[in-house]
Amino acid sequence: VNSVTALSCWSAKAPKEFTVFIQDFNSFVPRTNTCGELRSAHVGQQVTLYGWVQYQRQGLFLVLRDFQGLTQIVIPQDEAHSHVKKLLANAPVESVVRVTGIVAPRPPGQENPKMPTGDIEVKVEAAEILNSCKKLPFEIKDFVKKSEALRMQYRYLDLRSFQMQCNLRLRSQVVMKMREYLCNLHGFVDVETPTLFKRTPGGAKEFLVPSREVGKFYSLPQSPQQFKQLLMVGGLDRYFQVARCYRDEGSRPDRQPEFTQIDIEMSFVDQAGIQRMIEGLLQYSWPEERGSISTPFPSMTYEEALAHYGTDKPDTRFGMKIVDIGGSLQRSNIQFVQNALSYPRGAVKAICIPQGVRYLKNKDLESLKESAKSQFNQEIMEIICRPDGSLKSLLTKFLGEKQQSELIQALNMQVDDVALLAAGEHKQVCSALGSLRLETANLLEAAGLVLRDPTTFHFLWVVDFPLFLPKEENPTELESAHHPFTAPHPSDASLLYSDPTKVRSQHYDLVLNGNEVGGGSIRIHSAEQQRFVLEKVLKEDSEVLSHLLEALEFGAPPHGGIALGLDRLISLIVDAPSIRDVIAFPKSFKGRDLMGNAPDYVTPEELEPYHIQVSWPLAEKEAKKN
């Protein structure tokens, strides 16, 4: 009996027909079964299994493991099979073996209900050690803690763990369902785009690749952005790709220099069309074991997200929203409040921490205030609701009973709640309180209060972003909030030429549980408008994009698209602590491959064809540093 799994999908040619595919895990190989499929129905059958020795006990039995599960193997004790006993009893853990034997029921009382194969065992008749395993650097068990550096160094061993196997197989299944939805149901064309290209203005730093032409370099694309737009100019209408992307962002704790995105572009589409398509895609490909997701996803503007959550990627699984209390305090005699409210973009806002007195210690509150000061240069005042309903704060002496009552009502404060108040420039105040909101959630959960259920999935569209933002290093100059190909909001198109700082974009982000998992936009399809944005607004050299600008002059259709971050999406679905737990061979947080020791030095002779010389003393200094 072969191990089979039924998969189903709609037929592309006849959408009303249901096609069932059978997965046969034992085709093309000499095994009869996998280690995870044997049941009571197989009792009496002769089987051949291949796998790794998970566990061995006193020469009596061992547990054999493969990708699908575990099977208990009974080692023969009779003289006729003494060679088999010697072979298996001496096999080191994680050795690869082949066993042939008869499936038998386990003796009464010895069944293991925690194992899918726990009702049976295999009595061995013949065995072979295919490869013995030397001493392991760590045990291949999920509950055994090991450093991430060690896991990266021996990634091929880490991949044998149950959790990594589950993560990578679920990722594969989700991608396959996405292909079905896009290609079979909706006519998208899967196109591979080049990896070697040229520098793109703006955005993240790109990796350079030397060429044999003196002084000329390729760039590894941070996304297939230009290519997918050119495919729309080429009339493909609907493009999709599981795209490898590259960003040279240095040491980032939960980022990868190379990553994967589900890249999508469509012609003759608007923002609502892209959103409906993505909602359908996620609903179709969502793993059944994670429950269902409902559509349409809620939507909120960038300004609303910033005002209520202090971030453009709000976690809507819990409350503690930012509340504007300027109205309650505008008649107060508190000087710093009055100063803030006198600014053009001044604000006085607060978050209310439920049961903060019970769950937070004084050192926690001090830590939160210090965090706001160090990260945002923002002072924070706390307000505590006493058991008698009165407020305890340095501010209360400046507030009358009516003002205190209004404040309690505005923040919906209950006994033992703690409010954190900030006053100043609107964006700074919101950003600081948004950060404190998340830090506070961490503290409350560490103290035993459940706020964010990892098994619930809250999707959210964030829309109406600004098209441009002031540069951090020079606020008088502008840069694209996302990338220079994003079209302005139709209502703000005229402002592009008179006051670009006020222009909203047709950009949209998809947020899941406070994490950005996708982003896209309707693109500029007018060469004239694209040239104006590059040259007049962003002050970029448009010559770098001459090929794209010329393409837009040859009848480019209106088009738009989106990219989903596959690594981030899968890590949230499986509740992995890091995106590295859903990538087969990830880089460390410093961007290094600890298994293959990359990047590595090359010799001057190898560099010669590329007309590159390295300052070796400087390189040696760096090597000593690392």
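Residues numbered from 1 in each chain as written. Predicted model: local features only at pLDDT ≥ 70, side-chain atom pairs only at ≥ 80, totals over all residues. Heavy atoms only, no water.

1. Concerning unusual backbone geometry
Counted only if it meets this: Numbering of helices and strands runs from the N terminus; a helix is a DSSP stretch of H or I covering at least four residues, while a strand is a stretch of E covering at least two. The buried label applies to any residue whose accessible area, calculated with a 1.4 Å probe on protein chains only, is under 20% of its type's maximum; exposed applies above 50%, and partly exposed to all values in between.
The omega angle of the peptide bond from threonine 295 to proline 296 is 0°, so this bond is cis rather than trans. Structurally, proline 296 is set in the loop between helix H6 (271-285) and strand S13 (299-301). At the junction of alanine 598 and proline 599, the peptide bond is cis and its omega measures out at 0° in the coordinates. Backbone geometry at asparagine 412 places phi at a positive 55°, although glycine is not the residue there. Along the chain, the position of asparagine 412 falls in the loop between helix H12 (401-411) and strand S18 (418-425). Taking the relative accessible area as the measure of exposure, asparagine 412 reaches 54% and is therefore exposed. Non-glycine residue aspartate 575 carries a positive phi angle of around 55°. Relative accessible area serves as the criterion here: at 49%, aspartate 575 is assigned to the partly exposed category.

2. Here we look at the pattern of salt bridges
The condition is simple: Any carboxyl oxygen of Asp or Glu that lies within 4 Å of a side-chain nitrogen of Lys or Arg is treated as forming a salt bridge with it.
A complete count under the given rule lists 30 salt bridges for this structure. Arginine 244 serves as the salt-bridge partner of glutamate 258, at 3.2 Å between the closest nitrogen and oxygen. Placement of the pair is glutamate 258 in strand S12 (residues 258-267) and arginine 244 in strand S11 (residues 238-246), with a sequence separation of 14 residues. Assessed through its relative accessible area of 22%, glutamate 258 is described here as partly exposed. By relative accessible area, which is 41% here, arginine 244 ends up partly exposed. For lysine 502, the salt bridge is made with aspartate 499, and the minimal N-O distance between the two is 3.6 Å. Among the residues examined, lysine 502 registers a relative accessible area of 56% and is labelled exposed. Overlapping salt bridges bring together Arg151, Arg155, Asp158 and Asp581 as one network.

3. As for the side chain of aspartate 263
Using the following cut-off: Nitrogen and oxygen atoms within 3.5 Å of one another constitute a polar contact, given that in protein one can donate a hydrogen and the other can accept it, and given that sequence-neighbouring residues count only through two side-chain atoms. Note on contacts: a residue pair is in contact if any heavy atoms of the two residues lie within 4.5 Å.
Position of aspartate 263 among the secondary structure elements: in strand S12. Residue classification places aspartate 263 among the buried positions, given a relative accessible area of 1%. A polar side-chain atom of aspartate 263 sits 2.9 Å from a polar atom in the side chain of lysine 228. Not counting residues within four places of it along the chain, the set of residues in contact with aspartate 263 comprises Pro224, Lys228, Tyr239, Phe240, Gln241, Ala243, Ile562 and Ala563.

4. A short note on the nonpolar core
Counted only if it meets this: The term nonpolar core refers to a set of buried residues drawn from Ala, Val, Leu, Ile, Met, Phe, Trp, Tyr and Cys, joined through side-chain atoms within 4.5 Å.
Ranked by internal contacts, the top residues of the largest apolar core, which has 51 residues, are Ile264, Met277, Ile278, Leu282, Phe459 and Leu510. Setting aside residues up to four positions removed in sequence, isoleucine 278 forms contacts with Ile264, Trp461, Leu510, Ile562 and Leu564.

5. Details of the domain arrangement of the protein
So the rule is basically this: All domain edges in this entry derive from an automatic or database-based domain assignment.
Looking at the assigned domains, one finds that the protein contains domain 1 (40-135), domain 2 (164-300 + 459-581) and domain 3 (318-447). Of note, the centres of domain 1 and domain 2, computed from C-alpha atoms alone, are 50 Å apart.

6. Digging into the environment of serine 374
Inspection of the secondary structure puts serine 374 in helix H11 (residues 362-376). On the accessibility criterion, serine 374 (54% relative accessible area) is exposed. One polar contact links the side chain of serine 374 to the main-chain carbonyl oxygen of serine 371, over a distance of 3.2 Å.

7. Some thoughts on helix H17 (residues 566-573)
With 8 of its 8 residues buried, H17 lies for the most part within the structure. Of the positions making up H17, those classed as buried are Leu566, Asp567, Arg568, Leu569, Ile570, Ser571, Leu572 and Ile573. Positive backbone phi, at 55°, marks aspartate 575, one or two positions downstream of H17.

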